[in-house]
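One-letter residues, chain by chain:
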Amino acid sequence: MSKLKLDLHDIYNKGQQIDNALEEIIKEAVDKKIKLVEIIPGKGSGQLKKKVIRFLQLPSIKNQYHRLEKDAKNFGRIFVHFKFCLLYTSDAADERSSV
């Protein structure tokens, strides 16, 4: 299973860059149908993690992923899980029914 990883340590105090990086990683996961994104806000005071979670709860973002998981073993890591439905075209359905 492939996954994407976003480490926010380098841009922890740059709000707009954080939002842009989060938007880009979510878009990339959806476009490439990647099922898991690992976001690393780091441990710190927890403020960056709260910001990331608030961002992921935005309605326009939340409808793009399946579920959010806070890592139980590592406080400074968040997993975003995606679920992609298989859509069959009528041609593919015809091929399956003729076999």
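A. Layout of unusual backbone geometry. The backbone of Lys 33 sits at a positive phi, close to 55 degrees, despite the residue not being glycine. Looking at the secondary structure, you find Lys 33 in the loop between helix H1 (15-32) and strand E2 (36-40).

B. The sheet that holds strand E4 (residues 78-81), seen in detail. Strand order in the open sheet made by the four strands is E1-E2-E4-E3, with mixed pairing throughout. Of all strands in the sheet, those with a lone pairing partner are strand E1 (3-7) and strand E3 (67-70), marking the two edges. Mean inter-strand twist for the sheet, computed between neighbouring axes without regard to direction, equals 20 degrees. Here four bridges tie E3 to E4, and the two strands are oriented antiparallel to one another. The residue bridging Lys 70 from the neighbouring strand is Ile 78, located in E4. Contacts from H1 reach E1, E2 and E4 within the one sheet, and its direction differs from that of E1 by about 175 degrees. Where helix H2 (residues 47-56) meets the sheet, it contacts E2, E3 and E4, and its direction lies at approximately 15 degrees from that of E4.

C. Up close: the pattern of salt bridges. Summed over the entire model, instances satisfying the criterion amount to seven salt bridges. A cluster of three or more residues bridged by salt bridges with shared partners is formed by Lys 3, Glu 38, Asp 71 and Arg 77.

D. Seen up close, the side chain of Glu 38. Looking at where Glu 38 falls in the secondary structure, it is placed in strand E2. Once residues within four sequence positions are removed from consideration, Glu 38 is found in contact with Lys 3, Leu 4, Lys 5, Leu 6, Arg 77, Ile 78 and Phe 79.

E. Local environment of the packing of aromatic side chains. According to the stated counting rule, one finds one aromatic pair in the structure shown. Considering the side-chain rings of Phe 82 and Phe 84, the 6.1 Å spacing of their centres and the 5 degrees angle between planes classify their relative orientation as stacked. The buried category is assigned to Phe 82, whose relative accessible area is 5%. The partly exposed category is assigned to Phe 84, whose relative accessible area is 24%. Here the basic side chain of Lys 49 rests over the ring of Phe 75, its NZ or CZ set 4.0 Å away from the ring centre.

F. A look at the pairing of E1. Residue alternation in E1 divides its side chains into a buried set, Leu 4 and Leu 6, and an unburied set, Lys 3, Lys 5 and Asp 7. Across five bridges, the pairing between E1 and E2 is parallel. In the strand pairing of E2, Leu 6 is matched with Ile 39. Crossover connection from E1 via H1 to parallel E2: handedness right-handed.

What counts, and at which threshold
- Think of each chain on its own: its residues are numbered from 1, step by step along the sequence as written.
- Thresholds applied to this predicted model are a pLDDT of at least 70 for local features of residues and 80 or more for the giving and counting of side-chain atom pairs; totals over whole chains, interfaces and linings are not thresholded and use all residues.
- Values shown for side chains rest on all heavy atoms present in the structure; no hydrogens or waters enter the calculation.
- Where helices and strands are cited, they refer to DSSP runs of H or I of at least four residues and of E of at least two residues respectively, numbered from the N terminus.
- Two strands pair under a simple rule: DSSP has to find at least two bridges between them.
- The axes are straight lines fitted to the C-alpha atoms, using for helices just the contacting stretch, and the angles between their N-to-C directions are given from 0 to 180°.
- Between two residues, a contact is recorded if the distance between any of their heavy atoms is within 4.5 Å.
- When a carboxyl oxygen of Asp or Glu is within 4 Å of a side-chain nitrogen of Lys or Arg, the pair counts as a salt bridge.
- When two rings of Phe, Tyr or Trp (its six-membered ring) have centres within 6.5 Å they constitute a pair, described as stacked for plane angles under 30 degrees, edge-to-face for angles over 60, and tilted for the intermediate range.
- Here the term buried applies to any residue with accessible area under 20% of the maximum for its type, exposed to any over 50%, and partly exposed to those in between, with areas from a 1.4 Å probe on protein chains only.
- We call a charge positioned above a ring when the Lys NZ or Arg CZ atom is no farther than 6 Å from the ring centre and deviates by at most 35 degrees from the ring normal.
- With strands facing away from the observer, any crossover in which the path from the first strand over the helix to the second runs clockwise is taken as right-handed.

Remember that the coordinates give geometry; whether it matters functionally is a separate question.
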